[in-house]
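# Structural overview
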Amino acid sequence: MKYLYILILLSTSFQLMDDILYSTTEKERVELAHSKKEQLINQIQLKQEELTKVGLSKGVSHEDTILISTELDMYIYELQKMELADK
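The model shown is predicted, which means the values in this text are computed figures rather than measured ones.

## A few points about the nonpolar core
Of all hydrophobic cores here, the largest spans nine residues; its members are Leu40, Ile44, Leu51, Val54, Ile68, Leu72, Tyr75, Leu79 and Met82. Secondary-structure elements contributing two or more residues to this core are helix H2 (26-58) and helix H3 (63-86). Ranked by residue count, the leading element in this core is H3, at five residues. Leave out the neighbours within four places in its chain, and Leu72 touches Ile44, Lys47, Gln48 and Leu51.

Printed below as a string of structure tokens:
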């Protein structure tokens, strides 16, 4: 089940990148990328809070903590890819 969730997260992030790449004008691409980046930053902040709560309550080696950490890593990776594309 947890691997299915990770695959869904990955496919969603790939869809976000496709939306940005196939927008019709440069202005739309920039606006969409900025909006997606803001959404991603918000997701990262929420996931960090969740990770802290679960880590403190269940422990850092608990399966739930590791799953949330993995999700957070994916969000951070996507943000880094977006930031590299901006350069």
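## Looking at H3
One turn of the α-helix equals 3.6 residues, which is why residues spaced by three or four share an orientation. Helix length check: H3 (24 residues) gives 35 Å between terminal C-alpha atoms against 34 Å at 1.5 Å per residue, within 8%. When H3 is considered as a whole, its buried residues turn out to be Thr65, Leu67, Ile68, Glu71, Leu72, Met74, Tyr75, Glu78, Leu79 and Met82.

## Quick look at the pattern of salt bridges
Under the criterion given, the structure shown has four salt bridges. In this structure, Lys47 engages Glu50 in a salt bridge whose closest nitrogen and oxygen atoms are separated by 3.0 Å. Note that Lys47 and Glu50 are positioned in helix H2 at a spacing of three residues, about one turn of the helix. Lys47 gets classed as buried once you look at its relative accessible area, which sits at 9%.

## Some details on the confidence of the model for the protein
Averaged over every residue, the pLDDT of the protein is 81; the share at 70 or more is 68%. The least confident element of the protein, judged by mean pLDDT, is helix H1 (residues 2-21) at 59; the most confident is H3 at 92.

Rules used in this analysis
- Residues numbered from 1 in each chain as written.
- Predicted model: local features only at pLDDT ≥ 70, side-chain atom pairs only at ≥ 80, totals over all residues.
- Heavy atoms only, no water.
- Core = buried A, V, L, I, M, F, W, Y, C linked by side-chain atoms within 4.5 Å.
- Buried < 20%, exposed > 50% of the residue type's maximum accessible area, 1.4 Å probe, protein only.
- Helix = DSSP H or I, 4+ residues; strand = E, 2+ residues; numbered from the N terminus.
- Contact = heavy atoms within 4.5 Å.
- Expected span 1.5 Å × (residues − 1).
- Salt bridge = Lys/Arg side-chain N within 4 Å of Asp/Glu carboxyl O.
- pLDDT = per-residue confidence, 0-100.

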